[in-house]
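# Structural overview for review
As a plain string of letters, each chain reads:
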Amino acid sequence: MKIKNLVMFLTMLGSFCVFSGIQAQSTGPKREVGLQFSSLDLDGSSFSAFFKKEKKENVYRRIRFATGDLGLGIQEEFTNFNFQVAFAIGREKRKELDDKLVFYHGPEFSALFSAYANSEDDLAFNIRPRFGWVFGLQHSFNERWGINIETIPTVYVGATINDINEGLFFGAGGSTTVSLGIVRKF
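Residues take numbers from 1 onward in each chain, read along the sequence in its written order. In keeping with the model being predicted, local features are shown solely for residues with a pLDDT of at least 70 and side-chain atom pairs are shown and tallied solely at 80 or more, while totals for entire chains, interfaces and linings include all residues. Water and hydrogen atoms were dropped before computing side-chain values, which therefore reflect all heavy atoms in the structure.

## Examining the environment of G71
So the rule is basically this: Only DSSP runs of H or I reaching four residues or more are called helices, and only runs of E reaching two or more are called strands; each is numbered from the N terminus. Exposure is judged per residue with a 1.4 Å probe applied to protein chains only, and the accessible area is read against the type maximum: over 50% gives exposed, under 20% gives buried, and values in between give partly exposed. Two residues qualify as a contact provided that any one of their heavy atoms is within 4.5 Å of a heavy atom in the partner residue.
Relative to the helices and strands, G71 resides in strand β3 (residues 59-75). Among the residues examined, G71 registers a relative accessible area of 23% and is labelled partly exposed. Through-space distance from the C-alpha of G71 to that of Q84 is 9.4 Å; in sequence the pair is 13 residues apart. Among residues more than four places away in sequence, those in contact with G71 are N80, F81 and N82.

## Regarding the environment of N162
Within the secondary structure, N162 is located in strand β7 (residues 145-162). According to the relative accessible area criterion, N162 is buried, its value standing at 12%.

## Here we look at a positive patch on the surface
Note the following rule: Every patch collects residues that have over 30% relative accessible area and no salt bridge, joining them within 9 Å if they carry like charges and within 5 Å if they are nonpolar side chains (Val, Leu, Ile, Met, Phe, Trp, Tyr). To measure how exposed things are, a 1.4 Å probe is used in the Shrake-Rupley method; for residues, cover is taken only from the protein chains shown. Salt bridges are counted wherever a side-chain nitrogen of Lys or Arg sits within 4 Å of a carboxyl oxygen of Asp or Glu. Charged residues are defined here as Lys and Arg on the positive side and Asp and Glu on the negative side; His and the ends of the chain fall outside this count. Taken as the charge centre is NZ of Lys, CZ of Arg, CG of Asp or CD of Glu, depending on the residue.
Side chains of R31, K53, K55 and R61 sit close together on the surface and give a patch of like positive charge. Relative to the helices and strands, K53 resides in strand β2 (residues 47-56). You can call K53 partly exposed: its relative accessible area is 37%.

## What to know about the environment of I161
Structurally, the position occupied by I161 is in strand β7. Considered as a pair, I161 and A124 are 37 residues apart in the sequence and their alpha carbons are 5.6 Å apart.

## Here's the deal with empty space enclosed by the protein
What counts, and what does not: Points on a 1 Å grid, built from protein atoms alone, make a cavity when a 1.4 Å probe fits but cannot get out and make a pocket when they are open with protein on both sides within 12 Å along at least 5 of 7 lines; residues with an atom within 4 Å of a point are the lining residues. Grid points are joined across faces, edges and corners, and a volume is the space filled by probe spheres set on the points. The classification used treats Ala, Val, Leu, Ile, Met, Phe, Trp, Tyr, Cys and Pro as nonpolar, Asp, Glu, Lys and Arg as charged, and all other residues, Gly among them, as polar.
The tally for this structure, following the rule as stated, stands at one cavity of 30 Å³ or more. The computed volume of the largest cavity comes to approximately 30 Å³. Elements with a contribution of two residues or more to the lining of the largest cavity: β3 and β4 (78-96). Here the residues of the lining of the largest cavity sort into five nonpolar, one polar and two charged.

## Remarks on the side chain of E54
Which entries qualify depends on this criterion: Identification of polar contacts relies on pairs of N or O atoms within 3.5 Å, with a donor-acceptor requirement for protein atoms, meaning one able to donate a hydrogen and the other able to accept it, and with residues adjacent in sequence counted only if both atoms are side-chain atoms.
Take E54: it is sitting in strand β2. At a separation of 3.1 Å, a polar atom in the side chain of E54 contacts the main-chain amide nitrogen of N58. Ignoring anything within four residues of it in the chain, the contact list for E54 reads K30, V59 and Y60.

## A look at a nonpolar patch on the surface
On the surface, a nonpolar cluster with roughly 1,100 Å² of combined accessible area is contributed by L72, I74, F81, F83, F113, L123, F125, I127, I161, L168 and F170. Mapped onto the nonpolar patch, the elements with two or more residues apiece are β3, β4, β6 (123-140) and β8 (167-185). When residues of the nonpolar patch are assigned to their parent elements, the largest contribution, three residues, is made by β6. Tracing the backbone through its elements, the reader meets I127 in strand β6.

Pasting the structure below:
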């Protein structure tokens, strides 16, 4: 009788674990990847890739990586090279507006690095730490695909080491981008 009760208890415990595991897996995607475009021509910093992971309910960590202005120009005896890369990390809070539309917002810290060189040994390096606040809307077509539109008003400070004008220059400013994105959820 004790063995029968033990087998029944283990069977019920195993069933509970299996069914609770199935329910936990069916709650929906918790990570997203995608591409964002801020202009139709693919020069400059007009596109970026992102990864988002849910940390707790309706709070996501976002990581964004952008390259742009990668160029090489060759003209007879003159050559120039330019390069720009940016990295951003932030947090976004989400609020469902309806069953397919979500509003999100949150802080984003980023850094932009660029370099320029030419055949006349002129060099310039620029670094810009930036802080912005993300505002976005995301529409889900289904549980795996969606689109988003977001804007990031940003303020920054920057330093440029410049051989062309021989010096170190500091500056500050602000910018706002608007991007349209394609989202894959998993």
